[in-house]
Amino acid sequence: MIAHRLGGSCACGAVAVEVGLGRELAAYSPRACDCDFCCKRGAAWLSDSAGFLRLRTNAGQDLKRERQGSEQAEFLSCAACGTLLAVRWRDDDGHAYGAVNARVLARHDEFASEQGASPKLLEAAEKTARWKVLWFADVEVATG
Ligand SMILES: [Zn+2]
């Protein structure tokens, strides 16, 4: 059940984000990943396997898609302003899982304190097993 719907966008407004969350906002601690890629881009990841994640770009805008580290997941940023918005991973069945950069969401100050995370210490198979449990399982990306 969705308890909260939160909107957000990149710095220039070309990409809108909407998430649905199943619990109270204070029940979530965004995970500040300690890898170089996420630190430089100021990402703190939030996900809820009971919720949903949607990204939509304005007409004519596109997303920048990048892979880094173990190259399993795809990082989605605004191609115009560079704001890092989300990360997405597909399993072998083509099912898309994802997490959102909590710092782009409205009301992000109502989440619990951010916690550090070191996914680079995990093996590839451990990572994907975690993503299947923790990440949004309902991810939609629409480019205009
Ligand atoms: Zn932008």
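Check the entry above for the structure.
Treat the numbers as computed from the prediction; the structure is a model and nothing was measured.

Undergrad: Before we move on, can you summarise the pattern of salt bridges with the specific residues and values?
TA: The final tally for this structure, using the stated rule, is seven salt bridges. When the shortest N-O distance is used, the salt bridge between Arg5 and Glu18 registers 3.3 Å. With Arg5 in strand β1 (residues 4-9) and Glu18 in strand β2 (residues 15-21), this pair connects stretches of sequence that are 13 residues apart. Given a relative accessible area of 53%, Arg5 falls into the exposed group. Using a relative accessible area of 28% as the deciding quantity, one classes Glu18 as partly exposed. With its nearest N and O atoms 3.8 Å apart, the salt bridge here joins Arg41 to Glu66. In this pair, Arg41 sits in helix α1 (residues 36-41) while Glu66 sits in strand β6 (residues 63-66), placing the two residues 25 residues apart along the sequence. In this structure Arg41 comes out as partly exposed when scored by relative accessible area, which is 33%.

Undergrad: If you had to explain the coordination of the zinc ion to someone new, which residues and values would you point to?
TA: Within the protein, the atoms that donate to the zinc ion are Cys10 (SG), Cys12 (SG), Cys78 (SG) and Cys81 (SG), at distances of 2.3 to 2.4 Å. Relative accessible area serves as the criterion here: at 1%, Cys78 is assigned to the buried category.

Undergrad: Describe in detail the pairing of strand β9 (residues 96-101), supporting the description with residues and values.
TA: Where burial is concerned, most of β9 is hidden: six out of the six residues are buried. Bridge analysis of strand β4 (residues 45-46) against β9 gives two bridges, and the strand direction is antiparallel. Among the inter-strand pairings, Leu46 is bridged to a residue of β9, identified as Val100. Strand direction decides the pairing type here: strand β8 (residues 84-90) and β9, joined by five bridges, are antiparallel. Note that in β9 the partner of Trp89 across the bridge is Tyr97. Following β8, the chain reverses through five residues before pairing antiparallel with β9; Gly94 in that reversal takes a positive phi of roughly 85°.

Criteria and cut-off values
Residues numbered from 1 in each chain as written. Predicted model: local features only at pLDDT ≥ 70, side-chain atom pairs only at ≥ 80, totals over all residues. Heavy atoms only, no water. Salt bridge = Lys/Arg side-chain N within 4 Å of Asp/Glu carboxyl O. Helix = DSSP H or I, 4+ residues; strand = E, 2+ residues; numbered from the N terminus. Buried < 20%, exposed > 50% of the residue type's maximum accessible area, 1.4 Å probe, protein only. Donors = N, O, S within 2.8 Å, 3.2 Å for Na, K, Ca; no water. Pairing = 2+ DSSP bridges.

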